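Next come the chains, spelled out residue by residue.
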Amino acid sequence: MGLFLGLDCSTQSLSAIVIDFDRKKVVFEASINFEKTLPQYKTIAGTLRHSDPLIVHSPQLMWLEALDLIFQEMKGIDLKKIQAISGSAQQHGSVYLNGSFLERLQKLSPQKSLKEQLEGAFSRSTSPIWMDASTSEECREIRESLGGVKKAVEMTGSDLIERFTASQIRKFYKQESKAYAQTASIALVSSFMASILAGQIAPIDYGDGSGMNLMDIRKKEWHPLALKSTAPDLEKKLPSLSETSKVFGTVHPYFASKYGINPDALVLPWTGDNPSSLIGLGLVEEGIVGISVGTSFTHFGTLKQFHVDPAGEGNLFVSPTGDYMPLNCFLNGALAIQKLRNQYKIDWEDFDKALLSTKPGKGILLPYFDQEIVPKVLKPGIRRFDLDPNDVAANCRAIVESQMLSMRLHSAWMKLHPTLIYATGGVSNRIPILQIMADVHNCPVLRSSVPKSTALGAALTAARASHPDKSWKEVISPFTAPLPPQINPNPHSSKHYALLLKKYEECENSK
Ligand code: XUL
């Protein structure tokens, strides 16, 4: 029996999934919620908030404690049968390790905890994460040095973005130059966790490497000019880059003797949560596109050809399959809908009824309750066009229509041409929202059956590495079949939305 372990270190929790590959079954699932289970770190949903709201960090020791805890939870599983382990993590966040890290790691004793033994191994006490937006100045400096937005996008796959790693490293170098000099190694959250599991400095995989503004997205090598523009001696502090599916070690004896895991279990590099979810959702071929309707909305897929967003709003990552993964992140997603519902004091049931009782509208509601990533909007504030604020049902319809129109407009650069959409995330169980999704995109929609697509993606990546004779599709299909019913576009509504798209664009561009 071949068991494979996938872990996911997200912003709010550490999750684990074990799959029995031969029986095509998920045999174990667990999650450690950081705020609830580890309250001593005083995080809000896994994050440390600063008096400056733009600064958002997380404590790396919390992730280590959670790793010990999740292995304790796996007691019921025969860990001797684990053949390989992979993982994923929130993208972009960085961990700064001092010269003692590697020695401490190699000497770990199973008698003590990871936290106790690694506490002194950091040159920065906390890790800036993807929610940190405090590095606009550093983004400007690096972008200018690379030759502007277009050049940066061509070189690294994305414009300089505050949450990406390069500007965060530059800020650390500028503000804490001594601590930067004492940094022996810089890891991403993903490669940090993989290092702990394997007892050696783990490579950064191409998928998460493409979220740093430091990797040459075509050559899959560190980009010399990007490194030079970010901070001195950076190349010496970064690990190597690697394919996601290339085994780089075996599990640290710490985990074998403490938790009984197979000492020969192979360890793969971890990737970012988004590239991993591409695998966990089963989106390894062109034509099927993923739309995640969670707190924020994301639109992504697999791309064989290289296309970047000339506007610099979207991102291009390398996918674990070696193809590309274009991604747009719309910050004002389900949370914006919730804020609108709160304003009108209606619950989800009434919101669904409002969508069902109205026809495709002509009003536009730009949902910028917060700043927006795509399109870049720095000044929050919702905006209505041809919409009576007192008409509750029309406003409910307009926010979803506008979100979907925005997605269609701004995802054109990806050239994905979907024939099927898989919907996932918190509100993907609300069929009236999915109907508008199908109508606006003029494409059938199916709901994904996978609740923890990131951890499952990691387990499947580990399984694929042990079955190189099988295609990605053969490996993932039994675990990722979507749920019926298929929601088909209504031709009349789709025609209406094709015309409304132009108006939507004009509204967005109007000052
Ligand atoms: C993607 C991004 C987020 C994090 C969330 O660019 O910043 O989706 O990966 O964990």
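You'll find the structure just up there.
Cut-offs and rules
Residues numbered from 1 in each chain as written. Predicted model: local features only at pLDDT ≥ 70, side-chain atom pairs only at ≥ 80, totals over all residues. Heavy atoms only, no water. Helix = DSSP H or I, 4+ residues; strand = E, 2+ residues; numbered from the N terminus. Buried < 20%, exposed > 50% of the residue type's maximum accessible area, 1.4 Å probe, protein only. Polar contact = N/O pair within 3.5 Å; in protein donor to acceptor, adjacent residues only side chain to side chain. Contact = heavy atoms within 4.5 Å. Core = buried A, V, L, I, M, F, W, Y, C linked by side-chain atoms within 4.5 Å. Near = heavy atom within 4 Å. Areas by Shrake-Rupley, 256 points an atom, 1.4 Å probe, with all protein chains shown as cover. Nonpolar A, V, L, I, M, F, W, Y, C, P; charged D, E, K, R; others polar. Pairing = 2+ DSSP bridges. Axes fitted to C-alpha atoms, helices over the stretch in contact; angles between N-to-C directions. Parallel < 35°, antiparallel > 145°, perpendicular 65-115°, else oblique.

**Some points on the side chain of E401**
Alright, step 1. Relative to the helices and strands, E401 resides in helix α17 (residues 392-410).
Alright, step 2. By relative accessible area, which is 1% here, E401 ends up buried.
Alright, step 3. Within polar-contact distance, the side chain of E401 engages the backbone nitrogen of G361 at 3.0 Å.

**Some details on the side chain of H467**
Alright, step 1. As for its placement among the helices and strands, H467 is situated in the loop between α19 (453-466) and α20 (472-480).
Alright, step 2. In terms of polar contacts, H467 uses its side chain to reach the backbone carbonyl oxygen of A463, at 2.8 Å.
Alright, step 3. Leave out the neighbours within four places in its chain, and H467 touches F4 and F21.

**Side note on the nonpolar core**
Alright, step 1. Among the nonpolar cores identified, the biggest contains 86 residues, and L214, F297, F351, I399, V400, M404 and M437 are the most heavily contacted of them.
Alright, step 2. At 8 residues, α17 tops the list of elements feeding residues into this core.
Alright, step 3. Membership of the second largest hydrophobic core comes to 57 residues, among which are L67, I70, L197 and Y254.

**Focus on the site of the ligand**
Alright, step 1. As a matter of local geometry, the ligand sits amid Q90, Q91, H92, W130, R163, D273 and N274.
Alright, step 2. Separating an oxygen atom of the ligand from a backbone N or O atom of Q91 is a distance of 3.1 Å.
Alright, step 3. Between an oxygen atom of the ligand and a side-chain N or O atom of H92, the distance comes to 2.7 Å.
Alright, step 4. With the chains in place, 91% of the 290 Å² that the ligand exposes on its own is no longer accessible.
Alright, step 5. When the residues that make up the shell around the ligand are grouped by side-chain class, the tally is 1 nonpolar, 4 polar and 2 charged.

**Thoughts on the environment of G294**
Alright, step 1. With respect to the secondary-structure elements, G294 resides in the loop between β17 (288-293) and β18 (297-301).
Alright, step 2. Between the C-alpha atoms of G294 and N332, which are 38 residues apart in sequence, the distance is 9.8 Å.
Alright, step 3. For G294, the contacting residues outside a window of four places in its chain are G333, A334, G425 and G426.

**Focus on the pairing of strand β2 (residues 13-20)**
The side chains of a regular strand alternate, residue by residue, between the two faces of the sheet.
Alright, step 1. Burial analysis of β2 places 8 of its 8 residues in the buried class, which makes it a mostly covered element.
Alright, step 2. Burial of the side chains of β2 extends over both faces: S13, S15, I17 and I19 are buried on one face and L14, A16, V18 and D20 on the other.
Alright, step 3. Judged from the 7 bridges that link them, strand β1 (residues 3-9) and β2 form a sheet pairing that is antiparallel. In the strand pairing of β2, L7 is matched with A16.

**Focus: the sheet that holds β17**
Alright, step 1. The 7 strands lie next to each other as β19-β20-β18-β17-β23-β24-β25, forming an open sheet whose pairing is mixed. The open sheet terminates on both sides in strands that have one partner only, identified here as β19 (315-318) and β25 (483-487). Across this sheet, the average inter-strand angle for adjacent strands is 25 degrees, counted without regard to direction.
Alright, step 2. Relative to β18, β17 is paired through 5 bridges, and the arrangement is antiparallel. By the bridge assignment for β18, I291 is matched with H299.

**A look at the packing of helix α15 (residues 334-344) against α17**
Alright, step 1. It is the contact of α15 with α17, at a shortest axis distance of 11 Å, that shows an interaxial angle of 170 degrees. On the basis of the axis angle, α15 is roughly antiparallel to α17. The segment α15 lies against α17, with A336, I337, L340 and Y344 engaging V392, N395, C396, I399, V400 and Q403.
Alright, step 2. Across the contact of α15 with α17, the residue classes break down as 8 nonpolar, 2 polar and no charged.

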